[in-house]
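Chain by chain, the residues:
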Amino acid sequence: METKEHENGLKILEELTTNAHQIQEQVLGEIVMRNAGTEYLRRFLHGQTDKQLFKKNVPIVTYEDIKPYIDRIANGETSDILLADPITQFIQSSGTSGGQPKLIPLTAEGFEKRVFKPPLVDLVMKKYFDGLDEGKTMNLFFVKPEMETPSGLKATMFTTIYFKSDSFKHGPAKLGISPIETILCLDNKQSMYCQLLTGLLLRDEVVRIGSFFASVLARCIKFVEDYWKELCSNIRTGYLSDWITDPGCKNAMSSILTKPNPELADLIEQICADKSWEGIIKKLWPKVKCISSIITGSMSQYISLLDFYGGRIPLVSPNYGSSEVTFGINLKPLSKPSEVSYTFLPNMAYFEFLPVNKDSGEKAQEFELDGALGKESSEMTNENGNVEPVDLTNVKLGQYYEVVVTTLTGLYRYRVEDVLKVTGFHNNSPQFQFVERQNVVLSIDLDKTSEADLFLAITNAKLLLDPLGFVLTTYSSYADTSLTPGRYVLFWELKMKASNDFPKLDAKIMEQCCSMVEESFDFTYKSLRKVNIIAPMELRVVKHGTFDALTDFYISKGASITQYKAPCCIKSEEAIKILNSGVVGKFFSPKTLA
């Protein structure tokens, strides 16, 4: 039976979605009223606070357009050049800009607005899953070190800011299995070990397992696979491994690992010693009712793996957000992963949408929007030929859009570069399915490698082929997540400059090509590679004619031979099989990245 608190929470959700248009107008009005006097907005509004003038005069921008203002603040100028309220900290995005993570301003009010979301998610979950109050959640959460900008303002990922806050410590942390000290440990290996050890010791209390991203959960299960014998030894003897040296972890574990438990150790050993790990989560934590983790977008590649490990435990993708803003929550947690939609919360920001032409799955026509590259739909231009964004409540069912946000924290008509599809409405608030990130073609974890990034990296690497008289005729790629950790795989088709003979491949040179490609990638990729979250890249050289067969395949599926381009990144299992059938040589980067 729902408590009064739950009923009130669901009532708030209904009010938000019913009054979506009015709330959006209020949000925009407040943002313009507060920030019209900032240096940035004065350029376009000249001190006026009219909402329509804002939408007419303020350009739609990307991060690169506002980066000079953020850099000035990070270097010591006052935050009122961009926003009225003082910045308390910078959120460091998981993506990168020019090889460096983006810095997104955060204010005290902005933080409180964002932590409004977790309680709503929990209310929805308890509506669909009975018994979540009868146990605890094993949330596998981790933090990253903060960096300090020249201004003295610190920057880190939003999750780290949240986990260190009183809102988390006095709320979700108390409902979880993991001691806060293990979550806040900066050594992720020690943190992961202690959180998993706690989960095994208290396995009968665990009714829900979660992580922010599916990739994290997959990695944690792989960690259990590698360390189950040591974990069992700790449980059997009642002593924590000597390599756990973090004071917080040691102190927290001293109150949990209090005595030998050979019976539990025997049981876990028996489960983990099984040749097949199918259903391992259900076997280790038999009372788990759901797995909560973001499984849309680039994380969808982990669905089959989590299904395998989970033994038919429902996978729930609870919410949708970014470093810039919280967008919405999943009101139907029992939806199939491929059908997950998120209901936008109109109080989080002011939302606009640029229509995207995704008709027949072909690439949208590109256009220039205030200096930023976008994608055009025949429905998105007005009579003057200018791009016309759509408000939140005016989006059309079945249409694709790129989301644009205006926030209280200095982002005005800012392109998040996520492409979404409208799948329905809850009251008057639209529901969106995440489709893709603009220009991201490869991703294993938090890395995001675009077509342009890959092209530049391969251009650098193929310089090593010139002295050999080799020509790289075609290439493609895919993110291989069949193993943990996953890796990038490149397919190259080569020919000799002087003849039609197939080149004699020098293993050393080809491995150097792999290294050159990886060294050309951004900071995020290389950081993840160095800590083995991404495995060494693999280069597969294919025989002549292999990419011709791939062309034939796509044409048979309806592609135009006139406009056909070899895909930079392949997601089709059939297409990958075609390329794999032509492989004549496989090469890998060194295990360690220089």
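Along each chain, numbering runs from 1 in the same order as the chain's sequence is written. Local features in this predicted model are restricted to residues of pLDDT 70 or higher, and side-chain atom pairs are both shown and tallied only at a pLDDT of 80 or more, whereas totals for entire chains, interfaces and linings draw on every residue. The side-chain quantities take in all heavy atoms of the structure and omit both hydrogens and water.

Draft legend 1. Expanded view of the side chain of Ser-335. In this fold, Ser-335 is placed in the loop between strand 10 (326–329) and strand 11 (342–344). Partly exposed residues are those whose accessible area sits between 20% and 50% of the maximum for their type, while under 20% is buried and over 50% is exposed, using a 1.4 Å probe and protein chains only. Note on Ser-335: relative accessible area 19%, which makes it buried. There is a polar contact of 2.8 Å between the side chain of Ser-335 and the backbone oxygen of Lys-332. Any two residues whose heavy atoms approach within 4.5 Å are treated as being in contact. Not counting residues within four places of it along the chain, the set of residues in contact with Ser-335 comprises Leu-315 and Val-340. Numbering of helices and strands runs from the N terminus; a helix is a DSSP stretch of H or I covering at least four residues, while a strand is a stretch of E covering at least two. In protein, a polar contact means a hydrogen-donor-capable atom and an acceptor-capable atom, both N or O and within 3.5 Å, with residues adjacent in sequence counting only if both atoms are side-chain atoms; elsewhere, any N or O pair within 3.5 Å suffices.

Draft legend 2. Representation of the side chain of Ser-293 within the structure. Relative to the assigned elements, Ser-293 resides in strand 7 (residues 290–294). By relative accessible area, Ser-293 is classed as buried at 1%. Here the side chain of Ser-293 touches Ala-214 through a polar contact of 2.9 Å, landing on its backbone nitrogen. Setting aside residues no more than four positions away along its own chain, Ser-293 makes contact with Ser-211, Phe-212, Phe-213, Ala-214, Val-316, Ser-317 and Pro-318.

Draft legend 3. Summary view of the sheet that holds strand 20 (residues 487–496). When DSSP finds at least two bridges between two strands, those strands are taken to pair. Across the sheet, which stays open at both edges, the four strands sit in the order 19-20-21-22 with mixed pairing between neighbours. Strands at the two margins of the open sheet, each flanked by one partner only, are strand 19 (470–480) and strand 22 (583–588). Taking each pair of neighbouring strands and ignoring which way they run, the sheet shows an average axis angle of 25°. Here 10 bridges tie strand 19 to strand 20, and the two strands are oriented antiparallel to one another. Bridging from a neighbouring strand, Ala-479 pairs with Tyr-488 of strand 20. Along the sheet, helix 21 (residues 573–581) contacts strand 19, strand 20, strand 21 (538–542) and strand 22; its crossing angle with strand 22, the most-contacted strand, is approximately 95°. To define axes, lines are fitted to C-alpha atoms, for helices over the stretch in contact only, and angles between the resulting N-to-C directions are given on a 0 to 180 degree scale.

Draft legend 4. Main features of the sheet that holds strand 17 (residues 414–426). Pairing within the open sheet is antiparallel, and its eight strands lie in the order 9-10-11-18-17-16-12-15. Every interior strand has two partners, whereas the edge strands, strand 9 (319–321) and strand 15 (390–391), have only one. The pairing of strand 11 with strand 18 (residues 429–437) spans two bridges and is antiparallel. Within strand 18, the residue paired with Tyr-342 across the bridge is Phe-432. Lying on the sheet, helix 2 (residues 20–35) is in contact with strand 12 (350–356), strand 16 (400–406) and strand 18; it crosses strand 12 at an angle near 110°.

Draft legend 5. The arrangement of the environment of Thr-296 in detail. By the secondary structure assignment, Thr-296 is in the loop between strand 7 and helix 16 (303–310). The sequence separation of Thr-296 and Val-340 amounts to 44 residues, and the corresponding C-alpha distance is 7.6 Å. Filtering out sequence-adjacent residues up to four positions away, Thr-296 remains in contact with Ser-317, Pro-337, Val-340, Tyr-342 and Phe-434. One polar contact links Thr-296 to Tyr-342, side chain to side chain, over a distance of 2.7 Å.

Draft legend 6. Spatial organisation of the pattern of salt bridges. Note on definitions: salt bridges are taken to be side-chain nitrogens of Lys or Arg within 4 Å of carboxyl oxygens of Asp or Glu. Taken as a whole, this structure holds 20 salt bridges when the rule is applied. The partner of Lys-164 in a salt bridge is Glu-146, with the nearest N and O atoms 3.9 Å apart. Here Lys-164, found in the loop between helix 8 (158–163) and helix 9 (166–169), pairs with Glu-146, found in the loop between strand 3 (136–139) and strand 4 (147–148); they are 18 residues apart in sequence, far enough to count as distant. Classification of Glu-146 by relative accessible area gives partly exposed; the value is 31%. Three or more residues joined by partner-sharing salt bridges are found here, namely Glu-30, Arg-34, Asp-85 and Glu-109.

Draft legend 7. Representation of the nonpolar core. We define a nonpolar core as any set of buried Ala, Val, Leu, Ile, Met, Phe, Trp, Tyr and Cys residues linked to one another through side-chain atoms lying within 4.5 Å. Ranked by internal contacts, the top residues of the largest apolar core, which has 84 residues, are Phe-344, Phe-351, Phe-353 and Val-403. At six residues, the largest contribution of residues to this core is made by helix 5 (residues 63–74). Non-local contacts of Phe-344, meaning those with residues more than four positions away in its chain, are made with Tyr-320, Phe-327, Gly-328, Phe-351, Phe-353, Leu-392, Val-403, Leu-420, Ser-429, Pro-430 and Phe-432. Grouped together as the second largest cluster of nonpolar side chains are 49 residues, Cys-194, Ile-244, Trp-285 and Ile-291 included.

Draft legend 8. Region of interest: the packing of helix 11 (residues 188–201) against helix 12 (residues 214–237). Contact geometry of helix 11 with helix 12 gives a least axis separation of 9 Å together with a crossing angle of 65°. Comparing their axes, helix 12 and helix 11 come out roughly perpendicular. Of the two possible hands of crossing, helix 11 and helix 12 adopt the one that is right-handed. Facing Lys-189, Met-192, Tyr-193, Leu-196, Leu-197, Leu-200 and Leu-201 of helix 11, the residues of helix 12 in contact are Arg-219, Cys-220, Phe-223, Val-224, Tyr-227, Glu-230, Leu-231, Asn-234 and Ile-235. Here the contact of helix 11 with helix 12 is composed, by residue class, of 12 nonpolar, one polar and three charged. These descriptions rest on fixed angle ranges, namely under 35 degrees for roughly parallel, over 145 for roughly antiparallel, 65 to 115 for roughly perpendicular, and the rest for oblique. Helix crossings are classified by the rotation of the near helix relative to the far one: an anticlockwise turn of less than a right angle makes the crossing left-handed, while a clockwise turn makes it right-handed. Here the nonpolar group is Ala, Val, Leu, Ile, Met, Phe, Trp, Tyr, Cys and Pro; Asp, Glu, Lys and Arg are the charged ones; every other residue, Gly included, is treated as polar.

Draft legend 9. Region of interest: the pairing of strand 7. Across the five residues of strand 7, five count as buried, placing the element largely inside the fold. On strand 7, burial covers both faces: Cys-290, Ser-292 and Ile-294 on one face and Ile-291 and Ser-293 on the other are all buried. For strand 6 (residues 206–213) and strand 7, the ladder comprises four bridges, and the chain directions are parallel. By the bridge assignment for strand 7, Ile-209 is matched with Ile-291. Sheet topology places strand 7 next to strand 8 (residues 315–316); two bridges connect them, and they run parallel. Note that in strand 8 the partner of Ile-291 across the bridge is Leu-315.

Draft legend 10. Expanded view of helix 19 (residues 523–530). Among the residues making up helix 19, those that are buried are Thr-524, Tyr-525, Leu-528 and Arg-529. Axial view of helix 19: buried residues confined to an arc of 135°, hence all on one face. Capping of helix 19 at its N-terminal end is provided by Asp-522; its side-chain oxygen lies 3.2 Å from the backbone amide nitrogen of Thr-524. The positive-phi residue at the C-terminal boundary of helix 19 is Asn-532, with phi of around 65°. Starting at the helix axis, one direction is taken to each C-beta atom, and the arc is that of these directions.

Draft legend 11. Broad picture of the state of the cysteines. Disulfides are defined as pairs of cysteine sulfur atoms found within 2.5 Å of each other. All told, the structure shown has zero disulfides when counted by the stated rule. Counting only cysteine sulfurs, Cys-249 is the nearest neighbor of Cys-185, a cysteine outside any disulfide, at a range of 3.8 Å. Left unpaired, Cys-194 is separated from the closest cysteine sulfur, that of Cys-249, by 4.1 Å.

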